[in-house]
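Topology and contacts: notes
Each chain, written out:
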Amino acid sequence: MSQGPRSGLYAVSSALLAMSRHLEVRDVLKTIVASARELLDAQYAALGVPDDHGGFAQFVVDGVSDAQWKAIGPLPRQHGILAAMLNEARPERLADVRKDPRFEGWPAAHPDMSDFLGLPIRDGDEVIGALFLANKNRTKENQKDCSAPDGGCGFTEDDQELLTILAQHAAIALTNARLYERSRELTIAEERSRLAHELHDAVSQKLFSLRLTAQAAAALVDRDPARAKGELHQVAMLAAEATEELRAAVIELRPAALDEDGLVATLRTQIQVLDRAHSARVTFAGHGVRALPAAQEEAMLRVAQEALHNALRHSGAGRVDVTLEKRGTGTVLRVSDDGSGFEPTAVRAAGRHLGLVSMRDRSSGVGGTLSVESAPGKGTTIEMEVPGG
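Model, not experiment: these values are computed from the prediction.

**Quick word on the overall build of the protein**
Regarding its fold elements, the protein presents 10 helices and 10 strands. Expressed as a percentage of the 389 residues in the protein, the buried residues total 43%. Sequence separation of at least 24 residues holds for 62% of the intrachain contacts in the protein that already meet a minimum separation of 6. Carbon and sulfur atoms form 52% of the exposed surface of the protein, whose accessible area is close to 20,300 Å².

As structure tokens, this is what we get:
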């Protein structure tokens, strides 16, 4: 294949590696377009992701300046050759797109284009996008293989074959990015649900108590000022507790601290807050643990948060101890409480209530294991172990 300055296996490998480096859909689309334009030595490249209403949900271009793009106006609709690529799911290689009977023109600010190469991006039977290039940079070599009678086509069969390979990998990269974003959306929804539960169980109840106590104080102001003073003191205590509960819930929603401080420091900070916010004694100890992969650190933080939630909300524990330490070639997180515990034979029933299913999923998702030890009246110990550290 002769593809200009970026020809050969190295160029293809570089393009595929570039696509695999990103997880955000928008970044993946931009990388695909830039890689295609550079690989095939074209002046312009674009990628459209269709919506269900005859337009494009996303449309990314390369080779057009921001000022040009703004002047062109709204995103194109699915019409003409673009629609044919999406509906018929076949490649289009044209000597001059302007002479094709399906061509319907373009806005005044649109750059002038002639030779055209377009391919659908498919995930199985579904067309998830359309990738197209225009205006191949002219060389003598790329004029030799052209189906057009006038020999004016800049894109060759080799170009089409190369773009087909790129489109196949683009489908994988785009699908993975979509799955990543969907997973992140589900995680955010899960965190919102958990926060709502936290607020209802803790802060809302304290605010309700605060309101009743304030009403009692108001009723006592005239006939029993001393008792009213006591009730107002109780109001102040309840307000402080509600504030601490809210702070604790908000801190638990900020795993971004992992990027800056690491797992040990993040756990230590959060546990200090929980220790102040609850009547139970909450402690933390970390022993010889080095940095873990980001996914493992986030999973361990989430498991620790879930286990702490169970211990502080449901077990009636007077003490909760959290440790993070090396064990052989792995790292172990342990959360132990002296609360009410539960019967191990009923662990399946307790699993849903205590979030054990979620904790096991988080652990196995990063190559770890989770164990639970408990007995009625003898507390609970949850251990999560991951390789490394």
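Anyway, onward from the coordinates.
**So, the sheet that holds strand β5 (residues 126-136)**
Strand order in the open sheet made by the 5 strands is β2-β1-β5-β4-β3, with antiparallel pairing throughout. Of all the strands in the sheet, the pair left with one neighbour each is β2 (56-62) and β3 (92-94). Neighbour-to-neighbour, the strand axes of this sheet turn through a mean angle of 15°, independent of strand direction. Sheet topology note: the strand β1 (residues 42-50)/β2 ladder contains 6 bridges and is antiparallel. Residue pairing across strands places Gly48 opposite Phe59, the latter belonging to β2. Lying over the sheet, helix α2 (residues 25-39) contacts β1, β2 and β5, oriented at roughly 40° with respect to β2. Contacts from helix α4 (residues 80-88) reach β1, β2, β3, β4 (116-123) and β5 within the one sheet, and its direction differs from that of β5 by about 140°.

**Focus on the packing of aromatic side chains**
Going through the model one piece at a time under the given rule, you end up with 5 aromatic pairs. Measuring from ring centre to ring centre gives 5.9 Å for Phe59 and Trp69, while their planes differ by 0°; the resulting arrangement is stacked. In this pair, Phe59 is assigned in strand β2 and Trp69 in helix α3 (residues 66-72), connecting sequence segments 10 residues apart. Overall, the relative accessible area of 9% leaves Phe59 in the buried class.

**Thoughts on the sheet that holds strand β9 (residues 369-374)**
Strand order in this open sheet of 5 strands is β6-β7-β8-β10-β9, and the pairing throughout is mixed. The open sheet is flanked by β6 (281-287) and β9, the only strands paired with a single partner. On average, adjacent strands in this sheet sit at an angle of 10° to one another, irrespective of strand direction. Relative to strand β10 (residues 380-387), strand β8 (residues 330-337) runs antiparallel, the two being bridged by 8 bridges. Following the sheet pairing, Asp337 is matched in β10 by Thr380. Strands in contact with helix α8 (residues 294-313) are β6, β7 (319-327), β8, β9 and β10; relative to β8, the strand with the most contacts, it is inclined by about 10°. Helix-sheet contacts for helix α10 (residues 356-365) involve β9 and β10, and the interaxial angle to β9 is about 145°.

**Some words on the pairing of β4**
A large share of β4 lies buried, amounting to 6 of its 8 residues. For β3 and β4, the ladder comprises 3 bridges, and the chain directions are antiparallel. Its bridge partner lying in β4, Arg93 is registered against Leu117. As paired strands, β4 and β5 are joined by 8 bridges and run antiparallel to one another. Each bridged residue has a counterpart across the sheet, and for Leu117 the counterpart in β5 is Leu133.

**Digging into unusual backbone geometry**
Notably, Asp41 is not glycine yet its phi reads approximately 55°, a positive angle. Along the chain, Asp41 turns up in the loop between α2 and β1. With a phi angle near 55°, Ala89 is a residue other than glycine that sits in the positive phi range. Inspection of the secondary structure assignment puts Ala89 in the loop between α4 and β3.

**A short note on the pattern of salt bridges**
Counted according to the given criterion, the structure contains 14 salt bridges. With its nearest N and O atoms 3.0 Å apart, the salt bridge here joins Arg90 to Glu88. Look at Arg90 and you get partly exposed, because its relative accessible area is 42%. Measuring nitrogen to oxygen at the nearest pair gives 2.9 Å for the salt bridge that ties Asp100 to Arg102. A single salt-bridge network, built from bridges that share partners, covers Glu88, Arg90, Glu92, Asp100 and Arg102.

**Thoughts on the side chain of Asn135**
Considering the arrangement of structural elements, one finds Asn135 in strand β5. Asn135 gets classed as buried once you look at its relative accessible area, which sits at 9%. A distance of 2.8 Å separates a polar atom in the side chain of Asn135 from the backbone nitrogen of Ser114.

**Brief notes about α2**
For α2, spanning 15 residues, the distance from its first C-alpha to its last is 21 Å, which sits close to the expected 21 Å at 1.5 Å a residue. Just downstream of α2 lies Asp41, where phi reads positive at about 55°.

**Points about the pairing of β6**
Two elements, β6 and β7, share 7 bridges in a ladder whose sense is parallel. Across the sheet, the residue bridging to Ala285 is Thr323, located in β7. What joins β6 to β7 is α8, and the crossover it makes is left-handed.

**Here we look at the environment of Gly262**
Mapped onto the elements of the fold, Gly262 is located in helix α7 (residues 257-277). What makes Gly262 buried here is its relative accessible area of 18%. Taking the C-alpha atoms as reference points, Gly262 and Leu292, 30 residues apart in sequence, are found 8.6 Å from one another.

Parameters at a glance
- Residues numbered from 1 in each chain as written.
- Predicted model: local features only at pLDDT ≥ 70, side-chain atom pairs only at ≥ 80, totals over all residues.
- Heavy atoms only, no water.
- Helix = DSSP H or I, 4+ residues; strand = E, 2+ residues; numbered from the N terminus.
- Buried < 20%, exposed > 50% of the residue type's maximum accessible area, 1.4 Å probe, protein only.
- Contact = heavy atoms within 4.5 Å.
- Areas by Shrake-Rupley, 256 points an atom, 1.4 Å probe, with all protein chains shown as cover.
- Pairing = 2+ DSSP bridges.
- Axes fitted to C-alpha atoms, helices over the stretch in contact; angles between N-to-C directions.
- Phe/Tyr/Trp six-rings, centres within 6.5 Å; stacked < 30°, edge-to-face > 60°.
- Salt bridge = Lys/Arg side-chain N within 4 Å of Asp/Glu carboxyl O.
- Polar contact = N/O pair within 3.5 Å; in protein donor to acceptor, adjacent residues only side chain to side chain.
- Expected span 1.5 Å × (residues − 1).
- Right-handed = clockwise from strand over helix to strand, strands pointing away.

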